[in-house]
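Chain residues, written in single-letter form:
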Amino acid sequence: QGDGEYEDGLAVAYRAGAEVLDKGGTALDAVCAAVVSLEDNPLFNSARGSALRADGSIQTDAAVMSGDGRAGAVAAVECARNPVTVARRVMEDGTAVLRTQIGAPTLKSWGLTVVDQEYLRTPGRVAQLENVQAGRIPAQTHGTVGAVALDLRGRLAAATSTGGMVNQSVGRIGDSPLIGAGTYARDGVVAVSCTGSGEAFIQGVVAHEIASRVRHGGADLAEAVRDVLDDEVGRRGVTGGIIAVGGNGRVVVAHNSPAMFAAFDHGGRVTVWS
Ligand code: ASP
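This write-up is about the structure you can find in this document. (Residues numbered from 1 in each chain as written. Predicted model: local features only at pLDDT ≥ 70, side-chain atom pairs only at ≥ 80, totals over all residues. Heavy atoms only, no water.)

### Describing helix H2 (residues 27-40)
The end-to-end C-alpha distance of H2, which contains 14 residues, comes to 20 Å, matching closely the 20 Å that a straight helix rising 1.5 Å per residue would cover. The buried fraction of H2 amounts to 10 of the 14 residues, a majority that puts the element mostly inside the structure. Within H2, burial applies to Ala27, Leu28, Ala30, Val31, Cys32, Ala34, Val35, Ser37, Leu38 and Glu39. Close packing links the buried residues of H2 with helix H1 (3-22), strand E1 (60-66), helix H3 (83-93), strand E4 (145-150) and strand E5 (156-162). (Helix = DSSP H or I, 4+ residues; strand = E, 2+ residues; numbered from the N terminus. Expected span 1.5 Å × (residues − 1). Buried < 20%, exposed > 50% of the residue type's maximum accessible area, 1.4 Å probe, protein only. Contact = heavy atoms within 4.5 Å.)

Encoded structure:
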């Protein structure tokens, strides 16, 4: 695929989120709409198009957090079309923040769409796993999707969804569904969503560390994102990328991976950055 298809996918997802905000909707609804769009797009490593585990199966992880402190997340979901909607449902339910072992009966009882592994698995991902297992390409390719938003009432939200790392062991959970690691939002401070080698983001509690540096250390958001990427990810010898929006609407995108796609509003135009 050429970069153009990724850019188109990003722009469509951005507009799905922006439409919610333009109508006065919440940041939470906006990030979910954007992530659903990316999940449905097979080019990205989430839901349909997820990276395959070592045994060829797909397990997806997702999280949402609203800046008021509410959060929901799911890990190792095998049959949801849109894992971010499952995370949202866990959040709304309010009895748990992170859930696993969510199967078709639960999804159906929540009115969420159930799909099979064949829907989630794409030929490109099958070939990728074969190439990784044969040692022809490295496993360190990312592609997790995420969105961050600030709405008209000043509320922040973040959402992240992933198939995890290519060739990972069954049951391995990355940073994406862990609140504070791959996903975090706090009103008035920042909303953050991460992609990259999940273990470093967990060990460095990256998303929360960025919020802490801004909130307690008075750091500039761009500086906090860059420094935490260097200190907690680069220092561990791995790569990743971060998107963030501050309580004042400042958007920051940073990565130390070879490439990263992001779409954001730039003077009223959707800009896709790579
Ligand atoms: N961060 C994800 C994980 O570790 C993978 C990725 O971003 O590609 O599960």
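That covers the picture; the talk isn't over yet.
### A word on the site of the ligand
Taken together, 14 residues sit near the ligand, with Thr144, Arg172, Asp175, Thr195 and Gly196 positioned nearest. Within the side chain of Asp175, one N or O atom sits 2.7 Å away from a nitrogen atom of the ligand. Contact with the protein chains covers 100% of the free accessible surface of the ligand, which is 270 Å². Here the shell around the ligand is composed, by residue class, of 1 nonpolar, 11 polar and 2 charged. (Near = heavy atom within 4 Å. Polar contact = N/O pair within 3.5 Å; in protein donor to acceptor, adjacent residues only side chain to side chain. Areas by Shrake-Rupley, 256 points an atom, 1.4 Å probe, with all protein chains shown as cover. Nonpolar A, V, L, I, M, F, W, Y, C, P; charged D, E, K, R; others polar.)

### A closer look at the nonpolar core
One finds Phe44, Val64, Val74, Val86, Ile102 and Leu107 to be the most contacted residues of the largest nonpolar core, which totals 35 residues. Elements with a contribution of two residues or more to this core: H1, H2, E1, strand E2 (71-77), H3, E4 and E5. Beyond its immediate stretch of four places on either side in the chain, Ile102 contacts Val74, Val77, Val86, Val90, Leu107 and Trp110. Ala200, Val206, Ala207 and Ile210 belong to the second largest nonpolar core, which has 30 residues in total. (Core = buried A, V, L, I, M, F, W, Y, C linked by side-chain atoms within 4.5 Å.)

### Details of the sheet that holds strand E6 (residues 183-186)
The strands that make up a sheet pair up through hydrogen bonds in the backbone, lying either parallel or antiparallel. Read across the sheet, 4 strands follow the order E6-E7-E8-E9 without closing on themselves; strand pairing throughout is antiparallel. Each of the sheet's edge strands pairs with one partner strand only, and the pair in question is E6 and strand E9 (251-255). Across the sheet, the axes of successive neighbouring strands diverge by a mean angle of 10°, strand direction being ignored. Where E6 meets strand E7 (residues 190-196), 4 bridges bridge the pair, whose relative direction is antiparallel. Bridging across to E7, Thr183 finds its partner in Ser193. (Pairing = 2+ DSSP bridges. Axes fitted to C-alpha atoms, helices over the stretch in contact; angles between N-to-C directions.)

### Some thoughts on the packing of aromatic side chains
Using the criterion set out here, one finds 2 aromatic pairs in the structure. Ring geometry for Tyr6 versus Phe44: centroids 5.6 Å apart, planes at 85°, classification edge-to-face. Taken as a pair, Tyr6 in helix H1 and Phe44 in the loop between H2 and E1 lie far apart in primary sequence, 38 residues in all. Judged by its relative accessible area of 7%, Phe44 is buried. For the pair Tyr6 and Phe261, a centre-to-centre distance of 5.3 Å together with 5° between the ring planes defines the contact as stacked. In this pair, Tyr6 is assigned in helix H1 and Phe261 in the loop between E9 and strand E10 (262-266), connecting sequence segments 255 residues apart. (Phe/Tyr/Trp six-rings, centres within 6.5 Å; stacked < 30°, edge-to-face > 60°.)

### Points about the environment of Arg125
Tracing the sequence through the fold places Arg125 in helix H6 (residues 123-133). Owing to a relative accessible area of 10%, Arg125 belongs among the buried residues under this scheme. C-alpha of Arg125 to C-alpha of Leu21: the two residues are 104 residues apart in sequence and 33 Å apart in space.

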